[in-house]
Amino acid sequence: MGSLSKFDQTGEETGLNRLSAAVDPVNASPMRSMEAPNELWEWLRLLNRRKALIIGAGLLAVALMALIIAQATPMYKASSRIMLDTRTFKVMSTEAALSGVDTLNLGAIQSELEVIQSEFLIGRVVDRLGLASNPEFNGTKPPGFLDSSLAPIRELWHSGIASLLSPPQPPASQASPAPRAARTDDSDPRRRAAIATVASHLSVTLLGRTFVILITVESTDGTMSARIANAIAEVYLADQVDNKNEANRRATEWLEERLAELRRNLQVSEDAVANFRREKGLAGSPEGVVSAQTLSDLNTRYINAKTRRIEKESRLVALSKASLNPNELANISEVANNAGLNALRQQEADLNRRIAEYQTIYGPNHPKVVQARAELASVRGRFLAATQSITLAIRAELDAAKTEEEELRVQVERSSVMAGATSQYEAELKQLEREAQSNRALYESFLSRFKELREQQDIQRADARILAYAWPSGAPSSPQYKTGLFAAFLIGCLLGMAGAVAAEKLDRVFRSASQVEKATGVAVLGMVPLVKGSAGLRANIVTQVLDRTTSSAAEAMRAVFTAISLSNLDRPARVIAVTSSTPAEGKTTFAAALGGLLTKMNASRRVLLVDLDLRQAKLAVALGLKDRGGTIDEYLMGTKTLDECIRRHDVSGVDYICARAETPNAPEILESHAMKAALATFADRYDLVILDSPPVMAVSDARIIAQLADYTIFIVHWAKTPRDVVKSAVSALLGVTDRVGIVINKVNLAKHALYEYGDYGDYYSRYNAYYGGNAGQRGSNSDRPLRERDLAANNAPPRRPASSVDESGIAKLKRIVPRVK
């Protein structure tokens, strides 16, 4: 049969090309396919469509935070301020033993912060205020509901997690040493608990880039917070004064001991100097000094004479070497500075040049050449004689230098022998005097420092002062209701965003045409919006589409048919199968609505709906029929004629043939010759035959029907059918036919608009009002297509009799299918 034959390769290519250009403008446009996605817009769209999850997570976090805040105990903060004194308060110049805090050293300031937070200082505050007997601080107060609930979490945190996450502890800072005063017994657990409680609620910070230290204490009582903050400031200042007094006392004691020792050493050294002078006879005699001076002068003269002798020898050696090579005489200073020798060198150069010219002009034996050579020999002789005279002069100077050096050497040796003994005594005396002088300077320095310490014993002051005392706070510092709730909302929203991203990454359904085309490689014919009927009945949905022929759903169905028609204009599809991957995707409702809509909008178009879902047979339910009439299996078996089986829908005027549910041997019936002959008959009598097929993944019937049809519409439930199922089903269909188009059904326009894909669904959601503009006119004209349909039916050519079905096919089908009453 010609209408059921497969289109040829040329028609297939032409149809697919026209389909991609007319139906799928998204993939047909090269500019759109090459356009890079805007990542920022993608993230904003993700947040927009998942805003319910994000806001819900934020509200849940706010509710939990509100519950925590309601159970929390109000805390009050109080702060006192201490300013480090940048001035140096000293009556006299005192050294490091009594120096205060170096306020220009950041490390010293940080050390003072650690001192304020030290256990020793807090212990003095606890003793001063009697906090060891206060239930709030000594750990005897029963915990609240929230603390009891969070106790296991805190224990788990402190037991292992905190130690793993916390950075390594830095080495102990060089803080100011705390005085080792008498302390209260640390074995008291209540005192240790009070110290730990105060330390955990104490904050000591440096205020900006100033020298002001902010001491903040937090407790359940505002008055107690102020008392503790003020006590810490006062104890810190008292501790500084105590440290200075202690350092002064220790320094004074040490200096007293050291002064006594230095006094003894000075007396011993001075006595040693006097005794040595008296024993060696050096007291008041300047001979030793004169002899030493003379010996020093002789040594100086001897060294100078030796230097001159070495210089003369060097000049004589250089001149002797240069005489062997006349060209190097110019480098000798005596030769270079001698005017006569320079004139002779110039004459020699002129004669050499003249000889070269004469030889070139007259030849080597010419008289002028011979005369010039004689003059050259005379000049060289005079130059050599002058050089020898210079050498003799230098040799004479060298002999004089040697004689002077030898005389001075003898004088130095004679003077050294004479002054040897006196120099030894002088050196020993100077050493004793230096030691006595050093002991005196050290003694005087320590004595001066000792007097300064004695003067400052009664004027010690702290290196800081209290700038402002703490006052009780009237409002609690924590919990901070607005900040806590707002932070909880932000954290909840962030967690919601993470959940939204995870949900997007785990989304395994199709939500746009581009996703379907990319996954399957098959063009999407259209996207049909979701139509909700009363109680979700299929008949109500079909009725709504037929009543509102200009709605977005109706326009989407007409666009699907237009795309199929444009796929092959030479040989348009006459038999169209409608299937899906799984049940409940709306294939039967789509087939019924498409057939009725095409018939109602064009009365001259003859459309037949055939229910080939021999397992479920839902076409009668979709059309809202009470009596389904003759079924397709009855016609194929010959128990009823075609006219007895074909009926017309009252609302749309479309003809239909229903099926019987649970028809046995469905695959054999669909593959029979009778089925092929019946489809050929339907194609001859009708312009379009729509076959409602079973799902592809459920049974094999859909693949059999796809082979019999000219075109197959594959229905995909928007945002429900898994992607892997769709790909498997489409792959199965492509194994038997290559004319397959996909329709995305039941698109929720409100949710689809959140994705802003730019496909059919985005257009329907944006311009939905465009399709509802003529609602008032549709009702009055809804019956006109039916009257035209009846008139067209009267003028239509006569239908072929039912006996045109192959009799052999009926006989074979009777053997396969048992007789049904």
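Everything below is about the structure printed above this text.
Position labels on residues start from 1 in each chain and follow its written sequence. Thresholds applied to this predicted model are a pLDDT of at least 70 for local features of residues and 80 or more for the giving and counting of side-chain atom pairs; totals over whole chains, interfaces and linings are not thresholded and use all residues. Hydrogens are left out, water is left out, and the side-chain values use all remaining heavy atoms of the structure.

### Let's talk about a nonpolar patch on the surface
Note the following rule: Residues enter patches when their relative accessible area tops 30% and they take part in no salt bridge; the joining distance is 9 Å for like charges and 5 Å for the nonpolar side chains Val, Leu, Ile, Met, Phe, Trp and Tyr. Only the protein chains shown count as cover for residues, and all accessible areas are computed by the Shrake-Rupley method using a 1.4 Å probe. Criterion for a salt bridge: a side-chain nitrogen of Lys or Arg within 4 Å of a carboxyl oxygen of Asp or Glu. Think of it this way: any DSSP run of H or I at least four residues long counts as a helix, any run of E at least two long counts as a strand, and we number them from the N terminus.
A cluster of nonpolar side chains, namely Leu-40, Trp-41 and Leu-44, defines an oily patch on the protein surface of about 330 Å² accessible area. On the secondary structure map, Trp-41 appears in helix H4 (residues 39-49).

### Some thoughts on unusual backbone geometry
Between Ser-478 and Pro-479 the backbone carries a cis peptide bond, its omega angle lying at 0 degrees. Positive phi, normally seen in glycine, also occurs at Asn-665, with a value near 55 degrees. Mapped onto the fold, Asn-665 is located in the loop between strand E9 (655-657) and helix H24 (666-670).

### Here we look at the pairing of strand E1 (residues 76-84)
Rule in force here: Following DSSP output, two strands are said to pair if at least two bridges run between them.
Taken together, the 8 bridges between E1 and strand E3 (residues 212-219) define a ladder with antiparallel strand orientation. Paired with Ile-82 across the strands is Ile-213, a residue of E3. Here 4 bridges tie E1 to strand E4 (residues 464-468), and the two strands are oriented antiparallel to one another. If you follow Arg-81 over to E4, its bridge partner there is Ala-468.

### With respect to the packing of helix H19 (residues 552-567) against helix H20 (residues 587-601)
Going by this rule: Every axis in this analysis is a line fitted to C-alpha atoms, fitted for helices over the stretch in contact. Angles between the N-to-C directions lie between 0 and 180 degrees. Oblique is the label for any angle not under 35 degrees, not over 145, and not in the 65 to 115 range, which are roughly parallel, roughly antiparallel and roughly perpendicular in turn. Working rule for contacts: check all heavy atoms of both residues, and any pair within 4.5 Å makes them a contact. The nonpolar class holds Ala, Val, Leu, Ile, Met, Phe, Trp, Tyr, Cys and Pro. Asp, Glu, Lys and Arg form the charged class, and all remaining residues, Gly among them, are polar.
Viewed as axis vectors pointing N to C, H19 and H20 meet at an angle of 85 degrees, and their least axial separation amounts to 10 Å. For the element pair H19 / H20, the angle class is roughly perpendicular. From H19, Ala-554, Met-557, Arg-558, Val-560 and Phe-561 reach across to H20, where they touch Phe-590, Ala-593, Leu-594, Leu-597, Leu-598 and Met-601. Here the contact of H19 with H20 is composed, by residue class, of 10 nonpolar, no polar and 1 charged.

### Looking at the nonpolar core
Counted only if it meets this: Definition of nonpolar core: a set of buried residues of the types Ala, Val, Leu, Ile, Met, Phe, Trp, Tyr and Cys, connected through side-chain atoms within 4.5 Å. With a 1.4 Å probe rolled over the protein chains alone, any residue whose accessible area is under 20% of its type maximum counts as buried; one over 50% counts as exposed, and the rest are partly exposed.
If you look at the biggest cluster of nonpolar residues, it comprises 40 residues, and the most contacted ones within it are Phe-590 and Ile-713. It is H19 that contributes the most residues to this core, 8 residues altogether. Not counting residues within four places of it along the chain, the set of residues in contact with Ile-713 comprises Leu-525, Val-560, Ile-564, Ile-576, Ala-577, Val-578, Thr-579, Phe-590, Leu-594, Gly-741 and Val-743. The next biggest cluster of nonpolar side chains, apart from the first, holds 37 residues, and it includes Val-198, Met-224, Ala-229 and Ala-470.

Remember, this is a structural readout, not a statement about activity or role.
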